[in-house]
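The residues making up each chain are set out below.
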Amino acid sequence: PFRFEDTTDFYAERIQNFGGLLPHWHSYCEIDFIDSGQALHTLNGHQEMVRTNSIVVMSTSDFHSYTDWQDDPPVITNIRFNEDLLSDDVKKVFRAINGHVYHIGEQDAGPLRQKIAALLTDDTRSMEHLRHRIMLEIILLDIAISQDADTRLEVIDNDPLTAAFAYIEQHF
């Protein structure tokens with residue numbers, strides 16, 4: 001996959017044997033899908049065990065870290081993107097679901113895993129970039145639907161100040 005830079009809208013890679021990560025945050029949004037294994041994940045000060053089929057959804061406001069679980073280290077598909085890549089409606093969905101860890105049931109995990117795997121291509125043609133953006137939006141919608149996030153969407157609108165207050169209310 002091509003490398004993510006500040007000027008890039010999208011990047012995806014599979015990470016193995018990374019040995020954990022110290023607390024940090026990013027200038028981009030991030031989705032981590034735990035393909036296998038497990039780790040202790042800290043998101044905005046809240047520790048939680050992530051394992052196969054867990055998904056972590058983070059914005060630029062979230063800080064996090066990973067500690068490998070020594071007996072069963074994680075394999076993670078990491079998706080990085082600029083929020084501006086998303087359509088306005090999907091931005092609302094993303095703002096409603098970010099800052100959380102989701103444990104996806106086996107029934108939803110298979111189709112979601114296939115969609116995430118489709119993002120792991122080296123093809124940089126413009127139409128492939130469009131397919132990546134659309135697939136990313138479908139993945140975000142699938143996460144929201146699987147977690148019944150409709151109630152959180154009601155508080156998110158296009159006003160950045162309202163979105164900021166809703167984020168603070170949901171996360172702190």
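Since the model is a prediction, treat every value here as computed from it, not as a measurement.

Calculation criteria
Residues numbered from 1 in each chain as written. Predicted model: local features only at pLDDT ≥ 70, side-chain atom pairs only at ≥ 80, totals over all residues. Heavy atoms only, no water. Helix = DSSP H or I, 4+ residues; strand = E, 2+ residues; numbered from the N terminus. Pairing = 2+ DSSP bridges. Axes fitted to C-alpha atoms, helices over the stretch in contact; angles between N-to-C directions. Buried < 20%, exposed > 50% of the residue type's maximum accessible area, 1.4 Å probe, protein only. Salt bridge = Lys/Arg side-chain N within 4 Å of Asp/Glu carboxyl O. Expected span 1.5 Å × (residues − 1). Arc of directions from axis to C-beta. Core = buried A, V, L, I, M, F, W, Y, C linked by side-chain atoms within 4.5 Å. Contact = heavy atoms within 4.5 Å.

Chemist: How should I be thinking about the overall build of the protein in this particular structure?
Modeler: Looking only at helices and strands, the protein has five helices and nine strands in total. Reading the helices (α) and strands (β) of the protein from amino to carboxyl end gives β-β-β-β-β-β-β-β-α-β-α-α-α-α.

Chemist: Please clarify how the sheet that holds strand E4 (residues 38-43) should be interpreted in this entry.
Modeler: Adjacent strands of a sheet form backbone hydrogen bonds with each other and so pair up, either parallel or antiparallel. As summarised here, the arrangement of the four strands in space is E2-E7-E4-E5, forming an open sheet in which the pairing is antiparallel. The open sheet has two edge strands with one neighbour each: strand E2 (21-24) and strand E5 (46-51). On average, adjacent strands in this sheet sit at an angle of 20° to one another, irrespective of strand direction.

Chemist: Honestly, the pairing of E4 in this entry has me stumped. Any pointers?
Modeler: In the case of a regular strand, side chains alternate between the two sheet surfaces. Judged by how many residues are buried, E4 sits mostly within the fold: five of six residues are covered. Examined bridge by bridge, E4 and E5 share six bridges and lie antiparallel to one another. In the strand pairing of E5, His-41 is matched with Glu-48. Pairing analysis gives five bridges linking E4 to strand E7 (residues 64-68), with the strands arranged antiparallel. Paired with Leu-40 across the strands is Thr-67, a residue of E7.

Chemist: Is there a simple way to explain the sheet that holds strand E9 (residues 100-103) in this structure?
Modeler: Spatial strand order, E1-E8-E3-E6-E9: five strands in an open sheet with antiparallel pairing. Sheet topology places strand E1 (10-16) and E9 at the edges, where each strand pairs with a single neighbour. Within this sheet the neighbouring strands show an average axis-to-axis angle of 15°, counted without direction. Examined bridge by bridge, E1 and strand E8 (residues 75-81) share seven bridges and lie antiparallel to one another. Across the sheet, Tyr-11 pairs through a bridge with Arg-80, a residue of E8.

Chemist: Any chance you could explain the pattern of salt bridges here in plain terms?
Modeler: Close approach of charged atoms lets side chains of opposite charge pair. What the rule picks out here adds up to seven salt bridges. When the shortest N-O distance is used, the salt bridge between Arg-14 and Asp-35 registers 3.2 Å. Highlighted residues: Arg-14 in strand E1 and Asp-35 in strand E3 (residues 29-36), separated in sequence by 21 residues. On the accessibility criterion, Arg-14 (40% relative accessible area) is partly exposed.

Chemist: How should unusual backbone geometry be read in this particular structure?
Modeler: Among all residues except glycine, the phi angle is most often negative; among peptide bonds, the trans geometry is most common. A positive phi angle, near 55°, is found at Asn-44, a position not held by glycine. Mapped onto the secondary structure, Asn-44 falls in the loop between E4 and E5.

Chemist: Help me understand helix H2 (residues 106-117), please; the structure alone is not making it clear to me.
Modeler: Each α-helix turn comprises 3.6 residues. Residues three or four places apart therefore point the same way. In a regular helix each residue adds 1.5 Å, so 12 residues correspond to 16 Å; H2 covers 16 Å between its end C-alpha atoms and thus fits that length. Among all positions in H2, only Ala-109, Leu-112 and Ile-116 are buried. Viewed end-on, H2 has its buried residues packed into an arc of 80°, placing them on one side of the element. Those residues of H2 that are exposed and aimed more than 90 degrees away from the buried face are Gln-107 and Gln-114.

Chemist: Quick question: what am I supposed to make of the nonpolar core here?
Modeler: Grouped burial of nonpolar side chains is what soluble globular proteins tend to show. Core analysis: the biggest nonpolar cluster contains 27 residues, and Phe-10, Ile-55, Ile-79, Phe-81, Leu-136, Leu-140 and Ile-143 have the highest contact counts within it. Among the elements of the structure, E1, E3, strand E6 (54-58), E8, helix H1 (88-97), H2 and helix H3 (126-146) are those that each provide at least two residues to this core. Residues in contact with Ile-55, not counting those within four places in the same chain, are Ile-31, Asp-32, Phe-33, His-100, Val-101, Tyr-102, Ile-104, Leu-112 and Ile-143. Formed by nine residues, the second largest nonpolar core is a distinct cluster that contains Leu-43, Val-50, Tyr-66 and Ile-76.

Chemist: So what exactly am I meant to see when it comes to H1 here?
Modeler: Those residues of H1 that sit buried are Val-90, Lys-91, Val-93, Phe-94, Ala-96 and Ile-97. Gly-99 sits one or two residues past H1 and shows a positive phi near 80°.

Read these as layout, nothing more, since geometry by itself doesn't imply function.
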